[in-house]
Amino acid sequence: MGQAKDFAFIKENLGFILAWPLLCAVLAALLWGSALSTVEDDKRLLKDSALKDAATLSRAYAHYLTRTIEQVDQISMHVKYDWESSRGKLRLEDLRQKGLFTASQFAVVTILDGNGVPRTSTAAATHWQDKAFQELLAFHKNNNSSALRITMPGAENASGTSNASSTNDNGFIHFTRRLEKDEDNFDGIVVISVEQPYFSSFYDEQSLGKSGLLAVFGDKDTVGTSRIGDQVYPASEQDFANSLVLEADNGATHVAGKGNFTDQQSRYVGWQNLRAYPLTAVVGLSEKELLSMHRNDWSSTRNYTIAGSIFLLVFALTATIMSARLAWRKHQAKQVRDTYRLATEGTDDGFYMMHALRDLHGTISDFQFVDCNARGAQFFGLNQEELIGVKLSSLQGERYFQVLLDIYSRAIETGFYEDEYELSEESGLHMAWARRRLVRSGSGLAVTIQDISAKKESEREMELLANRDGLTGLYNRHWLLNFLPKAMARATTEQHKLALLFIDLDGFKKVNDTQGHAAGDNMLKSVASRLQSVLRPSDDVIRLGGDEFVVVLQPVERDSKPARVAERIAEAFKQPFWWAGEKHQIGASIGISVFPRDGEDSETLLKNADIAMYSVKAAGKGYYDFFRPELYAKLRARFEMEQALMQALEQNQLVLHYQPRTNTLTGEMTSMEALVRWIHPERGLISPAEFIPVAESTGLILRLGDVVMEKACAQIAAWKIQHLPQIPVSINVSAKQFHAGDLHQKLSGCLRKYNIRPDLLEVEITESSMMGEDNAIIAELAAIRELGIKLLVDDFGTGYSSLSQLQRLDMDILKIDRVFTNELDKSSEGKIFFKAIVSMAHALGMTVVAEGVETANQLELLRSLACDEMQGYFISRPVPADQIPGLMKKRFLLPLEEKDENTNLLSVA
């Protein structure tokens, strides 16, 4: 008999006992599958990343080669010009002493005459009569072109034979340019010889690894120079060009190591053609080094997976044993519970034994109380003796009894039923909420009823607290996220729309910061009351948090309804709020999204309403706008611009252009303004109007300002080294950069770092940056002036400055905004206003600069108004730094006819 019970127990609980081993087996299989899949994915991603990295590095290497060769190109042009200008009397030794060829890449610079005889050179040479140089002479003599020619090691000469044996086994790459004398006659060539290792100095072990590859291909994909790791190879020792099919200007591919590289390592190779020169930059990443990291990862993953499998095995064994013990204990407990359930007394729960009464057809028609405890009888307002023997139907109304009969009959069939329910008025139980548990016992039911009215009331209060904002009493975010899906489902069923109004307060932060949180909390309560006052009782108002509110409108048939509500809200917020006897003006920016047009789920609908609200903020605040897809695209574009600008700052994509400032009477160049430009690798030149506002709003303007300061000072130092005229450069400083408080320290550091005079650097500050009574502003300006740096008021007339403020701040130069320059020759009022500004500035001892001068007529008017200096397209557009030396040497920058006219004017005077 005992064995039969044990067998029945095992059969009944077999699924429960074996569940853990089966689950652990499935988890182990998933663990190994995931590990193997992850390893393969990582390997594939590693290879893809290596190809992308190789392509990126090749582009960077190409930029490096281009800059290097451009320097050589400019030097060769300089030597050609000086040679032809001196009619053959130039001495390269003199130029070297002046610092022209001090750069490490210029190993030898030589001028060969038409017969190949060295006329002047920076170093002694013994191979100028080599056949290859004679052929270069012949090439330049027969080709009437002054373009730079590059001869790589192993490159074919003009006749088609290789020069490797005679010209470039000496470790040099030669750059040659034709020299001419009068009437374009051939006068020889200038030769600049650069050592091959210089072109591989780009090598960086952190980026390329210990076995990375750098190479330069010449015409017909010949290898000019290459480097693997620390070893630089001449052309004759490394030839892998045939392994690459350079059908495109750039690309990346995998190249097997055997037969292609001296160390026999396979590599991921990227290449990039130089746009301006017939060369190809090649970069290779060692596959062995890249995969070593992958092998380490796989080893770690395998060990963790084995450990996980062992853990699952142990867990499965432990869980199986524990499950068997637990099942046995439950089995024993069930036997005990069934035996003693009816004897339980002294509890708040009501216990009943119900006998099923059946009709002639065997169908249950009623239930009879055959036993109960004292608490159970009290629930019906009776004692035990009164309840026992009573039928269930006699204690309930007819309709409610039928409901109970169905539930009790179902419990007889299934063996178990449990629920919580709110009692009907027809119920005989004296409680509001009950939990009942029905368990089949023989042919009847064991029923347990528990009074949970207090618990339900507590839950109702907790739910109320969870769904209401504690400060304003409005619904909160939790309520909204639960309510919206139901509301949208109802709108779909009833075929109407639903609108969300996302409200953000304008000016609330100022109140909170200046008046304290108590004032802020009071203001939020007032806002809640005001919102409810302009809405219908059926409209729902929600406080999301902080100063953000949402209004849910339904049903909505047309967009005009939420628009009218938004107008009422905006109009209501035009009335001031009062706190502690003070008046505060708070506005409301409102974004509207409509279901289902602007989103079919809560998250999307809220997000799009938020986007519409931000469009209102950007447009001036205080009104409303509907969501449109282009608003999201605009925010996305702004985010992408921000990310690209951060990358530009990290990758040195920003350059400076310079716009001269000249004396109005003489046209003499007196200063120049440094203007930042962004050279994007794909989009090209990006206007400052696109990225400066992004930099201002994100705080990147601080880093951008530091970059401009560094580049301007470095350029001044470079012009100083070139012995060019020393002309001041002005840099623009943003309001955030100025108010950061350490501007004078950064300026002082740059002056010391680049060893330049302070009078060569000027600082332009907009009016709005220095307005106010803050002593810190005055102290910062004074500290900058103490360094010897001039201070300029930029874009005067567009801000909020006053005469007293300018006098107090003691600025050096006043730049009048182009808006007023443009009005000079258009209206008499414009001329009068301009004259007033000039008179005011001169009275304060300030130099006046007119911005945006574009015509000769404007110039004449500026002269008549005694304007000191001018800046604009009439003189010069902003130009790159390499064009400034020409303007410096020219000195007087007025157009020819203007300069002649000025000369006459001076002679008459």
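Structural data are supplied above this passage.
How each quantity is defined
- Residues numbered from 1 in each chain as written.
- Predicted model: local features only at pLDDT ≥ 70, side-chain atom pairs only at ≥ 80, totals over all residues.
- Heavy atoms only, no water.
- Pairing = 2+ DSSP bridges.
- Helix = DSSP H or I, 4+ residues; strand = E, 2+ residues; numbered from the N terminus.
- Axes fitted to C-alpha atoms, helices over the stretch in contact; angles between N-to-C directions.
- Patch = residues over 30% accessible without salt bridge, like charges linked within 9 Å, V, L, I, M, F, W, Y side chains within 5 Å.
- Areas by Shrake-Rupley, 256 points an atom, 1.4 Å probe, with all protein chains shown as cover.
- Salt bridge = Lys/Arg side-chain N within 4 Å of Asp/Glu carboxyl O.
- Buried < 20%, exposed > 50% of the residue type's maximum accessible area, 1.4 Å probe, protein only.
- Parallel < 35°, antiparallel > 145°, perpendicular 65-115°, else oblique.
- Left-handed = near helix turned anticlockwise from the far one by under 90°.
- Contact = heavy atoms within 4.5 Å.
- Nonpolar A, V, L, I, M, F, W, Y, C, P; charged D, E, K, R; others polar.
- Expected span 1.5 Å × (residues − 1).
- Phe/Tyr/Trp six-rings, centres within 6.5 Å; stacked < 30°, edge-to-face > 60°.
- Lys NZ or Arg CZ within 6 Å of the ring centre and 35° of its normal.

**Description of the sheet that holds strand S3 (residues 149-151)**
Item 1. Pairing is antiparallel in the open sheet, where five strands are placed in the order S2-S1-S5-S4-S3. Pairing within the sheet leaves two strands with one partner each, and these edge strands are strand S2 (118-121) and S3. Ignoring strand direction, the axes of neighbouring strands in this sheet form an average angle of 25 degrees.
Item 2. Here ten bridges tie strand S4 (residues 172-181) to strand S5 (residues 185-195), and the two strands are oriented antiparallel to one another. In the strand pairing of S5, Thr-176 is matched with Val-191.

**Topic: a nonpolar patch on the surface**
Item 1. A surface patch of nonpolar side chains, about 640 Å² in accessible area, is lined by Trp-20, Leu-23, Val-26, Leu-27, Leu-30, Phe-311 and Phe-315.
Item 2. Those elements that provide at least two residues to the nonpolar patch are helix H1 (2-86) and helix H5 (287-340).
Item 3. Considering every element that reaches the nonpolar patch, the biggest residue donor is H1, with five residues.
Item 4. Looking at the element boundaries, Leu-30 is found in helix H1.
Item 5. Take Leu-30: its relative accessible area is 54%, and that puts it in the exposed class.

**Quick look at the packing of helix H17 (residues 701-721) against helix H19 (residues 743-754)**
Item 1. Where H17 meets H19, the closest approach of the two axes is 9 Å, and the angle between their N-to-C directions is 30 degrees. Classified by the angle between their axes, H17 and H19 sit roughly parallel to one another. For the pair H17 and H19, the sense of crossing is right-handed. Here H17 contributes Asp-706, Met-709, Glu-710, Cys-713, Ala-714 and Ala-717 to the contact with H19, which in turn contributes Leu-743, Lys-746, Leu-747, Cys-750, Lys-753 and Tyr-754.
Item 2. Its residues assigned to classes, the contact of H17 with H19 shows eight nonpolar, no polar and four charged.

**Description of the pairing of strand S10 (residues 267-273)**
Side-chain positions along a regular strand alternate between the two faces of the sheet.
Item 1. When you tally the buried positions in S10, you get six out of seven residues, the bulk of the element.
Item 2. Sheet analysis places strand S9 (residues 250-255) next to S10, joined by six bridges and oriented antiparallel. Across the sheet, residue His-254 finds its bridge partner in S10, namely Tyr-268.
Item 3. Sheet topology places S10 next to strand S11 (residues 280-286); seven bridges connect them, and they run antiparallel. What sits directly across from Val-269, in S11, is Gly-284.
Item 4. Count of turn residues in the S10/S11 antiparallel hairpin: six residues.

**What about helix H12 (residues 517-533)?**
Item 1. A rise of 1.5 Å per residue sets the reference length of H12, with its 17 residues, at 24 Å; its end C-alpha atoms lie 24 Å apart and thus fit the reference within 8%.
Item 2. Turning to H12, its buried residues number three or more, namely Ala-519, Gly-520, Met-523, Leu-524, Val-527, Ala-528, Arg-530 and Leu-531.

**Concerning the sheet that holds S9**
Item 1. With antiparallel pairing, the six strands of this open sheet are ordered in space as S8-S7-S6-S11-S10-S9. At either margin of the open sheet sits one strand with a lone partner, and together these are strand S8 (231-233) and S9. If you compare each strand with its neighbour and ignore which way they point, the axes differ by 15 degrees on average.
Item 2. Across three bridges, the pairing between strand S7 (residues 223-228) and S8 is antiparallel. Opposite Ile-228, over in S8, you have Gln-231 as the bridge partner.

**A word on helix H13 (residues 560-572)**
Item 1. If you check H13, its first and last C-alpha atoms are 18 Å apart, about what 13 residues at 1.5 Å a residue would give, namely 18 Å.
Item 2. Of all the positions in H13, only Lys-561, Pro-562, Ala-563, Val-565, Ala-566, Ile-569, Ala-570 and Ala-572 are classed as buried.

**Structural notes on unusual backbone geometry**
Item 1. Residue Pro-555 is bonded to the preceding Gln-554 through a cis peptide linkage, with omega at -5 degrees.
Item 2. In this fold, Pro-555 is placed in strand S20 (residues 548-556).
Item 3. Looking along the chain, the bond that leaves Phe-595 and enters Pro-596 is cis, with omega of 5 degrees.
Item 4. With respect to the helices and strands, the residue Pro-596 is situated in the loop between strand S23 (587-595) and helix H14 (602-619).
Item 5. The phi dihedral of Gln-495 is positive, around 60 degrees, even though this residue is not glycine.
Item 6. Along the polypeptide, Gln-495 turns up in the loop between helix H10 (477-494) and strand S18 (497-506).
Item 7. Although it is not a glycine, Arg-891 sits at a positive phi angle of roughly 70 degrees.
Item 8. When you line up the elements, Arg-891 lands in the loop between helix H25 (884-890) and helix H26 (896-908).
Item 9. Among the residues examined, Arg-891 registers a relative accessible area of 42% and is labelled partly exposed.

**Let's talk about the environment of His-355**
Item 1. The residue His-355 is located in strand S12 (residues 350-358) in this model.
Item 2. Along the primary structure His-355 and Lys-391 are separated by 36 residues, whereas in three dimensions their C-alpha atoms are 9.3 Å apart.

**Notes on the packing of aromatic side chains**
Item 1. This model, assessed by the stated rule, comprises 18 aromatic pairs.
Item 2. Taking the centre distance of 6.2 Å and the plane angle of 20 degrees together, the rings of Tyr-61 and Tyr-64 count as stacked. Remark: Tyr-64 and Tyr-61 occur in helix H1; sequence separation between them is three residues, near one turn of the helix.
Item 3. Judged by relative accessible area, which is 0%, Tyr-61 ranks as buried.
Item 4. Tyr-64 gets classed as buried once you look at its relative accessible area, which sits at 14%.
Item 5. An aromatic cluster is built from Tyr-61, Tyr-64 and Phe-202, whose rings are joined through pairwise contacts.
Item 6. Stacked on the ring of Phe-139, the Lys or Arg Arg-149 has its end atom at 3.9 Å from the ring centre.
Item 7. Over the ring of Tyr-475 we find Arg-468, and its NZ or CZ is 3.9 Å from the ring centre.

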